[in-house]
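Okay, here's what each chain looks like letter by letter:
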Amino acid sequence: MNLSKYDILLKAIELGSFTKVADHIGYTQSAVSQVIHSLENELGTVLLMRSRSGISLTTEGEILLPYIQNIINDHHALAEQINQLHGLVQGTIRIGSFHSIGCYILPPLIKGFQELYPNITFEISEGDFTEVEQGLLAGQFDIGLFAIQNITNFETITLKKDRLLVLLPEDHPLADEPFFPIEALKTEPFIYLDEGNDNDSQIIFKANHISPNIKYSSKEDNTVLSMVENGLGIAILPELVVSRTCFRVIPKRTAHPYYRTLGIALKDRKRTSIAVRAFISYTQKQYLPEVQAHHSGT
């Protein structure tokens, strides 16, 4: 059994195009197609449907996909266990994350970690809450780095609390107020950051039983920030994003603080690879003082 065929199949499902897979792995498109066709012949069934819009799983492919992912995951775990027996620490860590984490938190973590473990490589995919959660469930990611306050179906490890801020255009009538009044969220035109099944701003809305006056929505932080800058409405974004922005907006705290909880989510820590466990341990050590300070109220 050629496991590389399975790897190519999973990459095709992830990217949705033979052309994109070919560019990613350095094959020709026809070579990728031949690999998939060969695998389908071995299994005696058609796995993928081809159309103008791309490729998708057949019914049979959806049934077999979890087993194929388990084979690949177990193979990676076996290889890393062998490396451990030989005193080596290497492997690949597949991370699904929010853009804000992938942009601001992950790079310094990876830099410090690779000074200790230079042979470990990383595959990072960014998406919204739903995309990261589904990737974890499907076995496409080893760990997820995202907002974990509403996670119930994974093991979670808290890293930091990220305060939520209300963003105003510079000429907004409330720009000089010390805090943004929660009641104003009921009437102000609101720009909604669409993050999938979970949304940071809902933390404030649900706590105060507010139905916001949503005028616009976007999946991109920078688009939301630009719309606020141009006076189209107000928005709620986490401090991690706002602290790095160059857009001309006024960040306002609320009198009562609200936070999203950033952390690590994974299926089963005991079954993760040596490389993943090492990265989790390293990450926890970097954020331990911050977590302790938040819990102590300092």
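Residues numbered from 1 in each chain as written. Predicted model: local features only at pLDDT ≥ 70, side-chain atom pairs only at ≥ 80, totals over all residues. Heavy atoms only, no water.

## Concerning the confidence of the model for the chain
Point 1. In the predicted model, the chain carries a mean pLDDT of 88, and 92% of its residues have values of at least 70.
Point 2. By mean pLDDT, the top-scoring element of the chain is strand S10 (residues 249–252) (96), and the lowest-scoring one is helix H11 (residues 274–296) (75). (pLDDT = per-residue confidence, 0-100. Helix = DSSP H or I, 4+ residues; strand = E, 2+ residues; numbered from the N terminus.)

## Quick word on the packing of helix H1 (residues 3–15) against helix H2 (residues 18–25)
Point 1. Orientation of H1 relative to H2, taken along the N-to-C sense of each, is 125 degrees, at an axis distance of 8 Å. Judged on the interaxial angle alone, H2 and H1 are oblique. Crossing of H1 against H2: the hand is right-handed. Touching Ile8, Lys11, Ala12 and Leu15 of H1 are Phe18, Lys20, Val21, His24 and Ile25, all from H2.
Point 2. Considering only residue class, the contact of H1 with H2 consists of 6 nonpolar, 1 polar and 2 charged. (Axes fitted to C-alpha atoms, helices over the stretch in contact; angles between N-to-C directions. Parallel < 35°, antiparallel > 145°, perpendicular 65-115°, else oblique. Left-handed = near helix turned anticlockwise from the far one by under 90°. Contact = heavy atoms within 4.5 Å. Nonpolar A, V, L, I, M, F, W, Y, C, P; charged D, E, K, R; others polar.)

## What to know about the packing of H2 against helix H3 (residues 29–43)
Point 1. At a minimum axis separation of 8 Å, H2 and H3 run at an interaxial angle of 105 degrees. If you check the angle between H2 and H3, you find them roughly perpendicular. Of the residues in H3, those in contact with Phe18, Thr19, Val21, Ala22 and Ile25 of H2 are Gln29, Val32, Ser33 and Ile36.
Point 2. Broken down by class, the residue content of the contact of H2 with H3 amounts to 6 nonpolar, 3 polar and no charged.

## Looking at the nonpolar core
Point 1. Counting 37 residues, the largest nonpolar core has Ile93, Phe146 and Phe279 as its most contacted members.
Point 2. No other element matches H11, which puts 7 residues into this core.
Point 3. Each residue touching phenylalanine 146, except ones within four places of it in the same chain, is listed here: Phe98, Ile101, Phe129, Val132, Glu133, Leu136, Ile151, Thr261, Leu262, Gly263 and Ala265.
Point 4. With 20 residues, the next largest nonpolar core counts Ala12, Leu47, Ile55 and Ile72 among its residues. (Core = buried A, V, L, I, M, F, W, Y, C linked by side-chain atoms within 4.5 Å. Buried < 20%, exposed > 50% of the residue type's maximum accessible area, 1.4 Å probe, protein only.)

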